[in-house]
Structures are given as structure tokens and as C-alpha cells.
Amino acid sequence: MPDPGTPVSGRSLASLVRRPRLTLRARLALLYAGLFFASGVALLLVIGALAGNGILFGSSSQVAPNGPGPASFGTVQVGSRLIDIIPAVVLAIMVLVSLPLGWLIAGRLLRPLRTITATARDISARNLDQRLALDGPRDEIRELGETLDGLFGRLEASFQAQRHFVANASHELRTPLTAERTLLQVALADADASAETLRATCQQLLTLGEQQERLIEALLTLASSERGIERWEPFDVAELARKAILDREQEAERRGIRIEATLTAAPATGDPSLAESLVANLVDNAIRHNRDGGRVEVGTAKADGPATLAVGNTGPLIPPGEVDRLFQPFQRLGAERIRHGSGHGLGLAIVRAIADVHGATLTANARPQGGLDVEVSFPNTRK
């Protein structure tokens, strides 16, 4: 409480004396009554104007007749007063009746909103499987409920993917750290360790450090691709593919892998750096998970449709049911697929995330003789 001797400012006074906020239901009820009152007043004004001009009830200038006969001198005046008073009384009664009716109607119309509010309050990260499931006519409120149900579904999938990703990432990061600690403990425990032994241990530590660096870089790329595109810019898929092939020619030659490229201009719109990561990861995957002396095919095209990138390779036999799983983070197809190189099972997951954020269509098919064909079609317009 403020000190009685201290002056109270206007803002403090306003904060102390606050008008209670009307609920949406109360505002709608008052709005219904106000509209009814306004339309009634307008109707009375029109009736009054027509009656005054003698259009509605005839001329009001009649007078009582002279001479003997029935006393009818006050009939016109009394009838005129009744015409002026009765509609006003009826209007006042109807306005009073419209308030509770408006309250009931507003409550019935807002009942689905109360359901939405209560359900949204109950939903948390632990029960994202709960849905509104509104029934009734397909109006704006039901569309809102269906939109929120879709949002809850996407949130549930995102939370599940995040939990799965964190668990796998922690395991992948813990493995090289454990190996590094083991190498250091063995080297320190060996009192007769020579300089050559220590040098070999250091070389192994450097190799593990490089693996961690590549893993962290892949995780950052995956996180940035899932964040979305802030600025859309034009790029050529063919130029990105040409650069990716040139950067990996030596590795392919070392393993005797032949790269066959058919690159035609394929302009698209999106994030050029993310698109470059998509192309690089596809080419990396095609070379790394290939057999010695195998083949990699890279092609780009754009006819009248979307810009398309196709990457295929020879390699181990992949069961058709396992293709979709390979595009999940940290998923590999046995040790044979990581025999060459140090993949962490993130390359194809990065490809899928970047394709999704660009609104691109991603298709993958296992070759019957072994290997994988992947095609990415970028849309003509942004997502």
C-alpha cells in the first residue's frame, strides 16, 4: 500500500482503480442488444416521419364535428398518442428481453471456444497426443479446431523427433569421448611408453577429434536446415553439383569410383548454402557408401517443371523397407555402409531436412542390384 502522505500519480490511480474487463460473451450480448435498439429506433423514426406526413395513417388534421352526435372529438388525438407511445414501450421491453437472449446465444456460440481453451491448457509436452476433435457444422470455429489439431500433431512429432535426436546425439558424442579417455589412461599407465607410442596415441586422438568436429558440424547443419529459410535467393542446382563433384574427385579416384555427370542448367530458389549442403551430402553419401571400383551418377535437369537433382550409386544391397529409415538421424545400414570414411548417419537426414524446408519433393529407391537412387525436385515457387 502507498504511504498516505505520498501523492498518487495518474497511472498509479488507474492501476488501483481498474474497470473490470467484460468477457467476450458479455460484449456480444451488449452488441446484440445495441444493434436491436439502434434498428428499433431507426424503425420508429421512419414510422414517425411517415405518420407525420399522413402517408402511413392518413391526414391527422381532422377535427371533431360540430353539433349533436357521438362525442368523437378526442379520437384522433388519443390514437396519435398511442401510436407514439406504444412502439417505444414495446421497443424498451424488447431491448430488455434481447439482453438475456443475446447472453444465451453468445454462450452457445462460444461453447466450442471454451472447449478449445480448456483443452489447450491441459495439453503439455507430456500429452501432446490429445486432440480437440470438434464436431458440429463446418464453420470458422471448427476450422480453427482442426488447425490447432494439426498444430498439436506437428508439435508431437517435433517433440518425439527431438527426444530421439538428443538421445542418439548424446550417444554418438559419448563414444569418441570414451575412446579418447581410454587412450589417455593407457598411455599414462604405461611407464615405459616411448616417444613413438605417445606419438601414435596423439595421432589417434587427433583422428577422434576430427570425427567429433565433423559430427558437430553435421549437427549444426541439420539444426540450421530445420530452422527454416529467412531469405530466398536464386541458385543453380547444376553449379552446386559441379562444385560438389570437383571437391570429391580425389576421394573417388582413390577408391576407383567413376563419376558420371550430366549437368544442365537447373535454376531454383531458396537458401543457396543449404542447397549446397544438400548436394554435397548426396554426393558424399553416393561415394562413401559405394563399393571400390563402383559408379556414381549425378544429373540435373529443368524442362518446363521443377529443377531436379538425381544422384545414384552402386553399392551394397538395400532392402526396400529400409530406405526410409536411412533418412532418419543416426541410422546406418550395417557396418558395410560406413567401412569407408567416417559417416555418422546424418547425411541423408540433412538432405531430407533441407528438402522439406524448401518444399522440395524427395524420392529414394533401392536398386535391385545394389545401391540407391535419390531424386530431389525443387518447386518453381517458394513454399
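Here, the structure is the one placed above.
Residues numbered from 1 in each chain as written. Predicted model: local features only at pLDDT ≥ 70, side-chain atom pairs only at ≥ 80, totals over all residues. Heavy atoms only, no water.

Chemist: Sorry, what's going on with empty space enclosed by the protein here?
Modeler: According to the stated counting rule, one finds one cavity of 30 Å³ or more in the structure shown. Approximately 40 Å³ is the volume found for the largest cavity. In terms of lining, the largest cavity is formed by Leu-282, Asn-285, Ala-286, Val-311, Gly-312, Asn-313, Leu-372 and Val-374. Class assignment of the residues belonging to the lining of the largest cavity gives a composition of five nonpolar, three polar and no charged. (1 Å grid on protein atoms, 1.4 Å probe; cavity = no way out; pocket = protein on both sides within 12 Å on 5 of 7 lines; lining within 4 Å. Points joined across faces, edges and corners; volume = space filled by probe spheres on them. Nonpolar A, V, L, I, M, F, W, Y, C, P; charged D, E, K, R; others polar.)

Chemist: Would you mind going over the packing of aromatic side chains with me for this structure?
Modeler: Two aromatic rings are characterised by how far apart their centres lie and by the angle between their planes. Tallied over the full model, the rule gives one aromatic pair. Aromatic pair Phe-235 and Phe-378: ring centres 5.7 Å apart, planes at 80 degrees, arrangement edge-to-face. One end of the pair, Phe-235, is in strand β1 (residues 233–236); the other, Phe-378, is in strand β7 (residues 372–378), and 143 residues separate them in sequence. Grouping residues by exposure puts Phe-235 and Phe-378 together as buried. (Phe/Tyr/Trp six-rings, centres within 6.5 Å; stacked < 30°, edge-to-face > 60°. Helix = DSSP H or I, 4+ residues; strand = E, 2+ residues; numbered from the N terminus. Buried < 20%, exposed > 50% of the residue type's maximum accessible area, 1.4 Å probe, protein only.)

Chemist: Explanation requested: the side chain of His-358 in the structure shown.
Modeler: With respect to the helices, strands and loops of the structure, His-358 is situated in the loop between α9 (347–357) and β6 (361–366). From its side chain, His-358 meets the backbone nitrogen of Asp-271 in a polar contact 3.0 Å long. (Polar contact = N/O pair within 3.5 Å; in protein donor to acceptor, adjacent residues only side chain to side chain.)

Chemist: Please explain the side chain of Thr-201 as it appears in this structure.
Modeler: Positionally, Thr-201 belongs in helix α5 (residues 195–227). A residue is classified by how much of its surface remains accessible, and Thr-201, at 11% relative accessible area, is buried.

Chemist: Would you explain α9 in this entry?
Modeler: Because an α-helix packs 3.6 residues into every turn, residues spaced three or four apart end up facing the same way. Here α9 lies mainly inside the structure; eight of its eleven residues are buried. Those residues of α9 lying buried are Leu-348, Ala-349, Ile-350, Val-351, Ala-353, Ile-354, Ala-355 and Val-357. Within two residues after α9, Gly-359 carries a phi angle of roughly 70 degrees, on the positive side.

Chemist: Help me understand the sheet that holds strand β4 (residues 295–301), please; the structure alone is not making it clear to me.
Modeler: Pairing between sheet strands relies on hydrogen bonds along the backbone, with the strands arranged either parallel or antiparallel. Taking strand neighbours across the sheet as the criterion, the five strands line up as β2-β4-β5-β7-β6 in an open arrangement whose pairing is mixed. The strands lining the two open edges of the sheet, one partner per strand, are β2 (258–263) and β6. Each neighbouring strand pair of the sheet contributes to a mean axis angle of 10 degrees, computed without reference to strand direction. Bridging between β4 and strand β5 (residues 307–313) involves six bridges; their strand directions are antiparallel. If you follow Ala-301 over to β5, its bridge partner there is Thr-308. Packed onto the sheet, helix α6 (residues 237–247) meets β2, β4, β5 and β7 and runs at close to 165 degrees relative to β2. (Pairing = 2+ DSSP bridges. Axes fitted to C-alpha atoms, helices over the stretch in contact; angles between N-to-C directions. Contact = heavy atoms within 4.5 Å.)

Chemist: I keep staring at helix α8 (residues 272–288) and nothing clicks. Help me out?
Modeler: In this model α8 runs 24 Å from its N-terminal to its C-terminal C-alpha over 17 residues, within 8% of the 24 Å that 1.5 Å per residue would give. Most of α8 sits out of view: twelve of its 17 residues are buried. Three or more residues of α8 are buried, namely Leu-274, Ala-275, Leu-278, Val-279, Ala-280, Asn-281, Leu-282, Val-283, Asp-284, Asn-285, Ala-286 and Ile-287. (Expected span 1.5 Å × (residues − 1).)

Chemist: How should the pairing of β5 be read in this particular structure?
Modeler: Looking along a regular strand, one sees the side chains alternate between the two faces of the sheet. Of all seven residues in β5, six are buried, a share of seventy percent or more. Where β5 meets β7, seven bridges bridge the pair, whose relative direction is antiparallel. Bridging from a neighbouring strand, Thr-308 pairs with Ser-377 of β7.

Chemist: I tried to follow the nonpolar core on my own but got confused; where do I start?
Modeler: Across soluble globular proteins, you tend to see nonpolar side chains buried next to one another. Core analysis: the largest hydrophobic core is formed by 48 residues, its most contacted members being Leu-278, Leu-282, Leu-309 and Phe-378. Secondary structure elements with two or more residues in this core: α5, α6, α8, β4, β5, α9 and β7. Among the elements that make up this core, the one with the highest residue count is α8 (eight residues). Setting aside residues up to four positions removed in sequence, Phe-378 forms contacts with Phe-235, Val-237, Ala-268, Leu-278, Pro-306, Ala-307, His-358 and Ala-360. With six residues, the next largest nonpolar core counts Ile-123, Leu-128, Leu-132 and Phe-152 among its residues. (Core = buried A, V, L, I, M, F, W, Y, C linked by side-chain atoms within 4.5 Å.)

Chemist: When you look at the packing of α8 against α9 in this model, what are you seeing that I'm missing?
Modeler: Relative orientation of the contacting elements α8 and α9 amounts to 145 degrees, with a least axis distance of 9 Å. Crossing angle aside, the handedness with which α8 passes α9 is left-handed. Contacts between α8 and α9 involve Leu-274, Ala-275, Ser-277, Leu-278, Asn-281, Leu-282 and Asn-285 from the former and Gly-347, Leu-348, Ile-350, Val-351, Ile-354, Ala-355 and Val-357 from the latter. When the residues that make up the contact of α8 with α9 are grouped by side-chain class, the tally is ten nonpolar, four polar and no charged. (Left-handed = near helix turned anticlockwise from the far one by under 90°.)

Chemist: How should I be thinking about the pattern of salt bridges in this particular structure?
Modeler: A side chain of one charge can pair with a side chain of the opposite charge when the charged atoms of the two come close. Per the counting criterion, the structure on display carries 13 salt bridges. Where Lys-243 meets Asp-247, a salt bridge forms, and the shortest distance between an N and an O atom there is 3.1 Å. Here Asp-247 and Lys-243 lie together in helix α6, a separation of four residues that amounts to about one turn. On the basis of relative accessibility, which here comes to 41%, the residue Lys-243 falls in the partly exposed class. A salt bridge links Arg-248 to Asp-284; the shortest N-O distance between them is 2.5 Å. Pair noted here: Arg-248 is in the loop between α6 and α7 (249–254) and Asp-284 is in helix α8, with a separation of 36 residues, a long-range link. (Salt bridge = Lys/Arg side-chain N within 4 Å of Asp/Glu carboxyl O.)

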